[in-house]
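# Summary of the model geometry
Letter by letter, the chains look like this.
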Amino acid sequence: MNTIKSQFPIFENNPDLIYLDNSASAQKPKQVIDALTDYYSKYYSNINRGTYDLSIKSSQLVDDSRKSIQEFINAKYAEEIIFTRGTTDSINKLSLLLFFNGIIKENDYIYITEFEHHSNILPWQNIVKMTGAKIQKIPLNEFGEIQLDKFEEMIKKTGAKIVSFTGLSNVIGTIQDIKSVIEISKKYNALTAVDVAQLICHSKIDVQALDCDFISFSMHKLYGPTGVGVLYGKKELLERYSPVDFGGDMIKSATFSSCELAELPEKFEAGTINIADIIASKSAIDFVSNFGYENIQKIENELIKYSFEKISDLEKSIGKIQIIGYGKEHPEKRSGLISFVLTGISSFDIGNLLGNDKICVRTGFHCAEPLHQSICEGKPSIRISFGLYNDKEDIDKFFASLQKNIQRLI
């Protein structure tokens, strides 16, 4: 077992495991698991409500985690970090904030791409139903890159209330020119929201440098716990909006007929938040920060290039493989994953057979069905996605199993 994998207990307990489903969720290092155990064993208490030591300690640990995430994405203020249940919850919360605060109205335009995860399509569809607003597709090229000139031409003509797009598709692997999209959007007074759930696992996010209004991501993809998401929003915007969730801890005071709202961030975090997993999220941030994005990118770039070499070898025996997005000619233009279609072979069957060999990949539409309809005639794909603990031996075993099981099915 390589030295990186030794820091992840799941590989010690499953020594034959080949885990290539990191875009769905990443495995957890021991320090994250220990942080969860420590909280429940040593510090457990509800937060912000007790005057005793355990509650004070737990509240401080949550504050420390919020501060850690603020520094990690270079937000200006810690109160710009709103804890949610995940990326999907963050985008839903944002869309409802814009609806209930009267920002999006009838005939307003919402710009998204057709290559989004469902979590950045369905919430906006819901807002359209409630308001009579309109969704406009951001123009893309065949590799999933936003066509900036056509985008500007469209938004100049129609205007937009918000431009919401992924920084890195969970299927196609192409990194968007986020900064340019934001600059164009702001020229026409549109709010900007970037789904960085995939991108933040591979590249540094600096919200001040990007000048984005909102970003969203999930900790479970960033080697952290499940059930924790982040909605970052600029302080001046969040202060302006009224919340959409109401209950305990998001008020200063309440009477039977009215209430006075708490300050940021509490006014957007009604009820008891996911204390344990939020606290353990700091350990995940520390782990990634100490490992370094430069090292993550070096590992993943090598695995992408090596995987394309193996695909070329496989094509010699089974014929052409349809790669979704940039292929072997431009491996530097993708990050973290490769999705492909095997003509005439069920991706579901392949996934099951690979699973029998203890190889974990993702098959199907990856919660991005419109993308598959656009690029590969609605055919499901097979996706391998890389984490910092993967190595070339994992890739060798995957392709050996893939070739063996293709032969069983043809």
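Quick note: structure is the one above.
Predicted, not measured: the structure shown is a model, and the values here were computed from it.

### Here's the deal with the overall build of the protein chain
Tallying secondary structure elements over the protein chain gives 14 helices and 15 strands in all. The globule rule puts the C-alpha radius of gyration for 410 residues at 22 Å, and the 22 Å found for the protein chain is close to it. When the backbone C-alpha atoms are referred to their principal axes, the protein chain occupies close to 75 × 60 × 35 Å. Looking at the 410 residues of the protein chain, the share that counts as buried comes to 53%. Sequence-distant contacts in the protein chain: of pairs separated by 6 or more residues, those separated by 24 or more amount to 70%. Counting every atom, the protein chain has about 17800 Å² of accessible surface; 48% of that belongs to carbon and sulfur.

### Focus on the pattern of salt bridges
Scanning the entire structure with this criterion turns up 24 salt bridges. Across the salt bridge formed by K234 and D211, the nearest N and O atoms sit 2.7 Å from each other. Linking K234 in the loop between strand 8 (229–233) and helix 9 (235–240) with D211 in the loop between helix 8 (207–210) and strand 7 (214–218), this pair joins segments that are 23 residues apart in sequence. Its relative accessible area of 32% is what places D211 among the partly exposed residues. Three or more residues joined by partner-sharing salt bridges are found here, namely K186, D211, D213 and K234.

### Here we look at the packing of helix 3 (residues 53–73) against helix 10 (residues 275–291)
Contact pair helix 3 / helix 10: the axes reach a minimum separation of 8 Å and the direction vectors enclose 40°. The orientation of helix 3 relative to helix 10 falls into the category oblique. Crossing hand, helix 3 versus helix 10: left-handed. Along the contact surface, helix 3 presents S58, L61, V62, D64, S65, S68, I69 and F72, while helix 10 presents I275, I278, I279, S281, K282, I285, D286, V288 and S289. Looking at the contact of helix 3 with helix 10 residue by residue, the classes come out as nine nonpolar, five polar and three charged.

### Description of the sheet that holds strand 14 (residues 362–364)
A sheet is described by the order of its strands in space; here four strands give the open sequence 11-12-15-14, paired in antiparallel fashion. Two strands in the sheet have a free side with no partner beyond their single neighbour: strand 11 (322–323) and strand 14. Of the strand pairs in this sheet, strand 14 and strand 15 (residues 381–385) are connected by three bridges, and their pairing is antiparallel. Residue pairing in the sheet places G364 in a bridge with S381 of strand 15. Docked against the sheet, helix 11 (residues 293–318) engages strand 11, strand 12 (337–341) and strand 15, running at close to 20° with respect to strand 12. Strands strand 14 and strand 15 of the sheet are contacted by helix 12 (residues 347–356), whose axis makes an angle of about 160° with strand 14.

### Concerning the nonpolar core
In this structure, I73, V163, I200, I215, F398 and L402 are the most contacted members of the largest nonpolar core, which totals 100 residues. With 10 residues, helix 10 is the single largest residue contributor to this core. Once residues within four sequence positions are removed from consideration, I215 is found in contact with I73, V194, V196, I205, V207, V230, L231 and Y232. One finds I110, I112, L191 and Y241 within the second-largest nonpolar core, a separate group that totals 22 residues.

### Here's the deal with the state of the cysteines
Here, the word disulfide means a covalent bond between the sulfur atoms of two cysteines. The full count for this structure, using the stated rule, is zero disulfides. C201 takes part in no disulfide bond, and the closest cysteine sulfur to it belongs to C367, at a distance of 16 Å. With a relative accessible area of 6%, C201 lands in the buried category. In this structure C367 is not part of a disulfide, and its nearest cysteine sulfur, from C376, lies 15 Å away.

### Overview of helix 2 (residues 30–43)
Helix length check: helix 2 (14 residues) gives 19 Å between terminal C-alpha atoms against 20 Å at 1.5 Å per residue, within 8%. Looking at the buried positions of helix 2, the neighbouring elements they touch are helix 3 and helix 10.

### A look at the sheet that holds strand 4 (residues 134–137)
Judged by pairing direction, the sheet is mixed, and its seven strands sit side by side in the order 2-8-7-6-5-3-4 without closing on themselves. A single partner strand is all that each edge strand has here, and the edge strands are strand 2 (81–84) and strand 4. Averaged over neighbouring strand pairs, the angle between their axes works out to 20° when direction is ignored. In this structure, strand 5 (residues 162–166) lies alongside strand 6 (residues 191–195), joined through five bridges in parallel fashion. When the bridges of strand 6 are listed, T166 appears paired with D195. The strands that helix 6 (residues 148–158) touches are strand 3 (109–112), strand 4 and strand 5; relative to strand 3, the one it contacts most, it runs at about 170°.

### Quick look at the packing of aromatic side chains
Going through the model one piece at a time under the given rule, you end up with 16 aromatic pairs. Arranged with centres 4.8 Å apart and planes meeting at 75°, the rings of F8 and Y389 form a pair that is edge-to-face. Residue F8 is located in the segment before helix 1 (9–13), and its partner Y389 is located in the loop between strand 15 and helix 14 (392–409); the two are separated by 381 residues in the primary sequence. Across this residue pair, the class does not change: F8 and Y389 are buried. Pairwise contacts between aromatic rings join F8, F11, Y223, F287, F291 and Y389 into one cluster. Over the ring of F11 we find K5, and its NZ or CZ is 5.3 Å from the ring centre. When the ring centre of Y43 is taken as origin, the NZ or CZ atom of K57, which lies over that ring, is 5.0 Å away.

### Thoughts on the side chain of N405
Along the chain, N405 falls in helix 14. A relative accessible area of 1% places N405 in the buried class. Here N405 is in contact with I350, L353, L354 and D357, once residues within four sequence places are set aside.

The rules behind each value
Residues numbered from 1 in each chain as written. Predicted model: local features only at pLDDT ≥ 70, side-chain atom pairs only at ≥ 80, totals over all residues. Heavy atoms only, no water. Helix = DSSP H or I, 4+ residues; strand = E, 2+ residues; numbered from the N terminus. Rg over C-alpha atoms; globule rule 2.2 N^0.38 Å. Buried < 20%, exposed > 50% of the residue type's maximum accessible area, 1.4 Å probe, protein only. Contact = heavy atoms within 4.5 Å. Areas by Shrake-Rupley, 256 points an atom, 1.4 Å probe, with all protein chains shown as cover. Salt bridge = Lys/Arg side-chain N within 4 Å of Asp/Glu carboxyl O. Axes fitted to C-alpha atoms, helices over the stretch in contact; angles between N-to-C directions. Parallel < 35°, antiparallel > 145°, perpendicular 65-115°, else oblique. Left-handed = near helix turned anticlockwise from the far one by under 90°. Nonpolar A, V, L, I, M, F, W, Y, C, P; charged D, E, K, R; others polar. Pairing = 2+ DSSP bridges. Core = buried A, V, L, I, M, F, W, Y, C linked by side-chain atoms within 4.5 Å. Disulfide = S-S within 2.5 Å. Expected span 1.5 Å × (residues − 1). Phe/Tyr/Trp six-rings, centres within 6.5 Å; stacked < 30°, edge-to-face > 60°. Lys NZ or Arg CZ within 6 Å of the ring centre and 35° of its normal.

Coordinates in, geometry out; function isn't part of it.
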